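Each chain is listed here by its residues.
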Amino acid sequence: DTGVSQDPRHKITKRGQNVTFRCDPISEHNRLYWYRQTLGQGPEFLTYFQNEAQLEKSRLLSDRFSAERPKGSFSTLEIQRTEQGDSAMYLCASSSIRVYTEAFFGQGTRLTVV
Amino acid sequence: RKEVEQDPGPFNVPEGATVAFNCTYSNSASQSFFWYRQDCRKEPKLLMSVYSSGNEDGRFTAQLNRASQYISLLIRDSKLSDSATYLCVVQGSQGNLIFGKGTKLSVKP
């Protein structure tokens, strides 16, 4: 399977715990995006990498959220001191750097904070 | 003004109907434009890109008006299988992809 892979698919955690999600993009893709999606809403942009550089981070993203892409390949998204409001689907996508290029999404990690 | 705004849904239409979705964007420096489709509990997938001259793909027609910062999607002869959420997507000059909240379409027999 050469698509975008996310791990884990589901995560249940207690409030206050830290969680980390992993995304493996399509191997030749330079760009990697993280989104959060709640029921009935479109994907909300969190952050975006081009190779290992984090080029943009949403102003809505609190300092509890951090993302890395250390070697320009896989990426991790960490949420510290989780809150119930963090419960959502976290989606990762990757694309090449051409204009009008398609972004391919993984199946997401569903986070439930109890 | 939100970065990408779409018509609120849901749209409930009979099979065979023509339906149009609209979208506006706030950043005049945006470079690329897309419509994505998202089925229930699935990840978004590209439906079509939207080019300045307008483009068509079978029953689907997309239009872009850069002066008005407006994008549209027209679906002709709706099928039951077109039922989904349609997401308007704008790519900024830095490469980030911004999604609208989506418009839900239900096509009924």
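None of the values given here were measured: they were computed from a predicted structure. (Residues numbered from 1 in each chain as written. Chains lettered and ligands numbered in written order. Predicted model: local features only at pLDDT ≥ 70, side-chain atom pairs only at ≥ 80, totals over all residues. Heavy atoms only, no water.)

### Focus on the overall build of chain A
Regarding its fold elements, chain A presents 0 helices and 11 strands. In sequence order, the secondary structure elements of chain A are arranged as β-β-β-β-β-β-β-β-β-β-β. The C-alpha atoms of chain A give 13 Å as radius of gyration, which agrees with the globular expectation for 114 residues (13 Å, within 12%). Considering chain A as a whole, with its 114 residues, one finds that 46% of them fall into the buried category. Looking at chain A alone, contacts between residues at least 24 apart form 53% of all its contacts between residues at least 6 apart. Carbon and sulfur atoms form 45% of the exposed surface of chain A, whose accessible area is close to 6000 Å². Charged side chains in chain A number 15 positive and 13 negative. The centres of these two groups are separated by 4 Å. (Helix = DSSP H or I, 4+ residues; strand = E, 2+ residues; numbered from the N terminus. Rg over C-alpha atoms; globule rule 2.2 N^0.38 Å. Buried < 20%, exposed > 50% of the residue type's maximum accessible area, 1.4 Å probe, protein only. Contact = heavy atoms within 4.5 Å. Areas by Shrake-Rupley, 256 points an atom, 1.4 Å probe, with all protein chains shown as cover. Lys, Arg positive; Asp, Glu negative; His and termini not counted. Charge placed at Lys NZ, Arg CZ, Asp CG, Glu CD.)

### Details of the pattern of salt bridges
Residue and element names in this part refer to chain A. As enumerated under the stated definition, the model contains 8 salt bridges over all chains in all. R64 is the salt-bridge partner of E83, the closest N and O atoms lying 3.4 Å from each other. A residue pair is termed long-range when its members are at least 10 positions apart, and E83 in the loop between β8 (75–79) and β9 (88–95) and R64 in the loop between β6 (53–57) and β7 (65–68) qualify at 19 residues. Under the relative-accessibility criterion, R64 is labelled buried at 9%. Through salt bridges with shared partners, a single ionic network connects R64, E83 and D86. (Salt bridge = Lys/Arg side-chain N within 4 Å of Asp/Glu carboxyl O.)

### Some remarks on the nonpolar core
Generally speaking, a soluble globular protein has its nonpolar side chains buried in company with each other. Core analysis: the biggest nonpolar cluster contains 39 residues, and W35(B) and I71(B) have the highest contact counts within it. If you tally residues by element for this core, the top one is strand β9 (residues 84–91) of chain B, at 6 residues. Setting aside residues up to four positions removed in sequence, I71(B) forms contacts with F21(B), N22(B), C23(B), Y25(B), F33(B), W35(B), V50(B), Q63(B), L64(B), C88(B) and V90(B). Counting residues in hydrophobic clusters, the runner-up holds 19 residues, among them L32(A), F65(A), A67(A) and L77(A). (Core = buried A, V, L, I, M, F, W, Y, C linked by side-chain atoms within 4.5 Å.)

### Some words on the state of the cysteines
All names here are of chain A. Scanning the model with the defined rule gives 2 disulfides over all chains in all. A disulfide bridge connects C23 with C92, and the sulfur atoms are separated by 1.8 Å. On the S-S bond that ties C23 to C92, the torsion sits near -70 degrees, and the link is left-handed. Separated by 69 residues along the polypeptide, C23 in strand β3 (residues 19–24) and C92 in strand β9 bring together distant segments of the chain. (Disulfide = S-S within 2.5 Å.)

### Topic: the interface of chain B and chain A
Opposite the 23 residues of chain B that make contact, chain A presents 22 residues. Approximately 1800 Å² of surface area, both sides summed, lies buried where chain B meets chain A, with 53% of it carried by carbon and sulfur atoms. At the boundary of chain B and chain A, one finds 0 salt bridges. Elements represented by at least two residues in the side of chain B that touches chain A include exactly β4 (32–38), β5 (45–49), β9 and β10 (97–99) of chain B. Counted by class, the side of chain B that touches chain A contains 11 nonpolar, 9 polar and 3 charged residues. (Buried area = accessible area lost by both parts, 1.4 Å probe. Nonpolar A, V, L, I, M, F, W, Y, C, P; charged D, E, K, R; others polar.)

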